[in-house]
Amino acid sequence: MRRPRGELGPRAPRPTEGAICAGPGEPWSPSPNSMLRVLLSAQASSARLSGLLLLPPVQPYCLGPNKWGDRPPGGAPHAGPVQGLQRLLEQARSPGELLRWLGQNPTKVRAHHYPVALRRLGQLLGSQPRPPPVEQATLQDLSQLIIRNCPSFDIHTIHVCLHLAVLLGLPPLTLSSSGFPSDGPLVCALEQEQRFRLPPKPPPPLQPVLRGGLRLEAALSCPRFQRHPQHHLIRSLAEARPEELTPHVMVLLAQHLARHRLREPQLLEAIAHFLVAQEAQLNSKVVQKLVLPFGRLNYLPLEEQFMPCLERILAREAGVAPLATVNILMSLCQLRCLPFRALHFVFSPGFISHISGTPHALIVRRYLSLLDTAVELELPGYRGPRLPRRQQVPIFPQPLITDRARCKYSHKDIVAEGLRQLLGEEKYRQDLTVPPGYCTDFLLCVSSSGAVLPVRTQDPFLPYPPRSCPYTTRDPAQRVVLMLRERWHFCRDGRVLLGSRALRERHLGLMGYQLLPLPFEELESQRGLPQLKSYLRQKLQALGLRWGPEGG
């Protein structure tokens, strides 16, 4: 019986960890460990390193029966025989069969068939537990066939073929001794074609051969890699040996995780372990960068010596680098792990006097104001010095930078319009900063009976600090804060709020504000303003709120 279009037969067996294997029609991506071996190997040149890091993911057109796989670059549909050849290559059972299909059908072979063949070769040789036998002559003939035809490839096909050919020379495939060595004719020919197609540029200042940690440092410092990171490679770095990593490499990794909101527990634990192991060699300016992703990603490591190590570093370095000291404490504040001894130091008159004349005095005072707020709200057992009132400044007097940068993607405008039509402009305040300096998205004043009150008739602020001005029956109105939880307020790979967002919500709740989160998934599911108004009405009514003629 004829197999339906797009059905390619049974899949290859599941590989063991580290193998490069996928079934016919499945996308094949290199093992993260293989990518790491390229970075750490002493044989890879800097040019090849850049190629591996900067090439797009291995998903060239026509690599499978998907919506992209039925059309060549020009856009016209393939003829039936061309589609049939691709299917035969994807289902080949041995390297010899791959060579036979390519060699016996010269009029049907197109440039995009060669990446298909190389990808299938990787699947075959990475299959477990018994890959098919490989003859040296077969691989050499396949290599020569690609070399003869690569002048007709477009730059994308050359990129993908070079990427696959280099990876096929790495363990666990171990072809470097039998088919595609890193300095063999196939890789050299593809690199030469690549150089011909790319515009000339001055040679990079890097040495031709970099080793170990220096190689990682050079790769991770590359601007293009920072803009288009290979996330699977970043994850694999957590498995590298400590002696292969330098403090600067770990700082680059920490900054990468923080910048891209990647909450990768394995790598974060590796950074924590590195910090503990290298404690004596690290100063506070390096430590502040290593600790940054833990606070931003709201991740407290399992490493038992993490906090004791930081406390020792703070005790040793606090007077040397004031800004770095406060930055470390800011990260720990987001994790709710503030050490009392360090707080005693930064709130001391000597420290405050020392930072007053420095260029970063304002930012340090802002951070100290936030730390003082955390002490007030979260550390009732603290009995040490505090930040004097005259030194306190608003913590976040305006929306955060990320919100301002992404305002065109925010739901704030449409939610504001929904509230305007639902409640009226006089019954909510937008972007109001409440003491001690937290900016709220939308704030409502609600009577004890649940009626939404005009904001102009009420004091929208709750007293701060709450312990010195306790809540009394003279002001029975509640303050309800609608919190937009946009997509970028969360870590990229989970549902965990970023540390700064969690801190703001936590402190507003402790000050007495009633929080009403509006998650981005729910907002994105509303189709148009009428649906959004209905959604907001349900949210507010669920809190027992009333408005309009019946609400007073």
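Note that the coordinates shown come from a computational prediction; the quantities given were computed from them, not determined experimentally.

Draft legend 1. Examining the packing of aromatic side chains more closely. Scanning the model with the defined rule gives six aromatic pairs in all. Arranged with centres 5.3 Å apart and planes meeting at 35 degrees, the rings of Tyr114 and Phe153 form a pair that is tilted. With Tyr114 in helix H5 (residues 113-125) and Phe153 in the loop between helix H6 (136-149) and helix H7 (155-167), this residue pair connects regions lying 39 residues apart in the sequence. Ring centres of Phe340 and Tyr382 lie 5.4 Å apart, and the angle between their planes is 90 degrees; on these two criteria the pair is classed as edge-to-face. A residue pair is termed long-range when its members are at least 10 positions apart, and Phe340 in helix H17 (residues 340-346) and Tyr382 in the loop between helix H19 (361-378) and helix H20 (401-405) qualify at 42 residues. In this structure, Arg100 packs its charged tip against the face of Trp101, placed 5.8 Å from the ring centre.

Draft legend 2. Structural view of the pattern of salt bridges. All told, the structure shown has 15 salt bridges when counted by the stated rule. Between Arg312 and Glu279 there is a salt bridge; the shortest N-O distance is 2.9 Å. Taken together, the residues Arg312 in helix H15 (residues 306-317) and Glu279 in the loop between helix H13 (265-277) and helix H14 (284-296) connect sequence positions 33 residues apart. A salt bridge links Lys539 to Glu522; the shortest N-O distance between them is 3.2 Å. With Lys539 in helix H24 (residues 529-542) and Glu522 in helix H23 (residues 520-524), the pair connects residues that are 17 residues apart, well separated along the chain. Classification of Glu522 as partly exposed rests on a relative accessible area of 30%. Here the salt bridges do not stand alone but share partners, grouping Lys412, Asp431, Asp441 and Arg504 into one network.

Draft legend 3. Region of interest: the nonpolar core. Core analysis: the biggest nonpolar cluster contains 72 residues, and Leu275, Leu338, Phe347 and Leu368 have the highest contact counts within it. Apart from the residues within four sequence positions on either side, Leu338 is in contact with Leu329, Leu332, Cys333, Leu343, Leu371, Ala374 and Leu379. Grouped together as the second largest cluster of nonpolar side chains are 33 residues, Ala117, Leu118, Phe153 and Leu190 included.

Draft legend 4. Quick look at the packing of H14 against H15. Packing of H14 against H15 brings their axes to within 11 Å, and their N-to-C directions diverge by 145 degrees. Crossing hand, H14 versus H15: left-handed. Of the residues in H15, those in contact with Ser284, Val287, Val291 and Phe294 of H14 are Phe306, Leu310, Ile313 and Glu317. The residue makeup of the contact of H14 with H15, split by class, is six nonpolar, one polar and one charged.

Draft legend 5. Inspection of unusual backbone geometry at higher detail. Of note, the bond from Pro435 into Pro436 is cis; its omega dihedral lies within 30 degrees of zero at 10 degrees. Among the structural elements, Pro436 can be located in the loop between strand E2 (433-434) and strand E3 (438-439). With an omega of 0 degrees, the peptide bond running from Tyr464 to Pro465 counts as cis. Examined against the element boundaries, Pro465 turns out to sit in the loop between strand E5 (452-453) and strand E6 (478-485). Positive phi, close to 60 degrees, is recorded for Arg336, a residue that is not glycine. As for its placement among the helices and strands, Arg336 is situated in the loop between helix H16 (322-334) and H17. Judged by its relative accessible area of 59%, Arg336 falls in the exposed class.

Draft legend 6. Here's a closer look at the pairing of strand E4 (residues 442-446). The element E4 is largely enclosed, with a buried count of five among its five residues. Residues Phe442, Leu444 and Val446 of E4 are buried on one face, and the alternating residues Leu443 and Cys445, pointing to the opposite face, are buried as well. Strand direction decides the pairing type here: strand E1 (residues 429-430) and E4, joined by two bridges, are antiparallel. If you follow Arg429 over to E4, its bridge partner there is Leu443. Note: E4 against E6, five bridges, orientation antiparallel. Bridge pairing in E6 places Cys445 opposite Arg479.

What counts as what
- Residues numbered from 1 in each chain as written.
- Predicted model: local features only at pLDDT ≥ 70, side-chain atom pairs only at ≥ 80, totals over all residues.
- Heavy atoms only, no water.
- Phe/Tyr/Trp six-rings, centres within 6.5 Å; stacked < 30°, edge-to-face > 60°.
- Helix = DSSP H or I, 4+ residues; strand = E, 2+ residues; numbered from the N terminus.
- Lys NZ or Arg CZ within 6 Å of the ring centre and 35° of its normal.
- Salt bridge = Lys/Arg side-chain N within 4 Å of Asp/Glu carboxyl O.
- Buried < 20%, exposed > 50% of the residue type's maximum accessible area, 1.4 Å probe, protein only.
- Core = buried A, V, L, I, M, F, W, Y, C linked by side-chain atoms within 4.5 Å.
- Contact = heavy atoms within 4.5 Å.
- Axes fitted to C-alpha atoms, helices over the stretch in contact; angles between N-to-C directions.
- Left-handed = near helix turned anticlockwise from the far one by under 90°.
- Nonpolar A, V, L, I, M, F, W, Y, C, P; charged D, E, K, R; others polar.
- Pairing = 2+ DSSP bridges.

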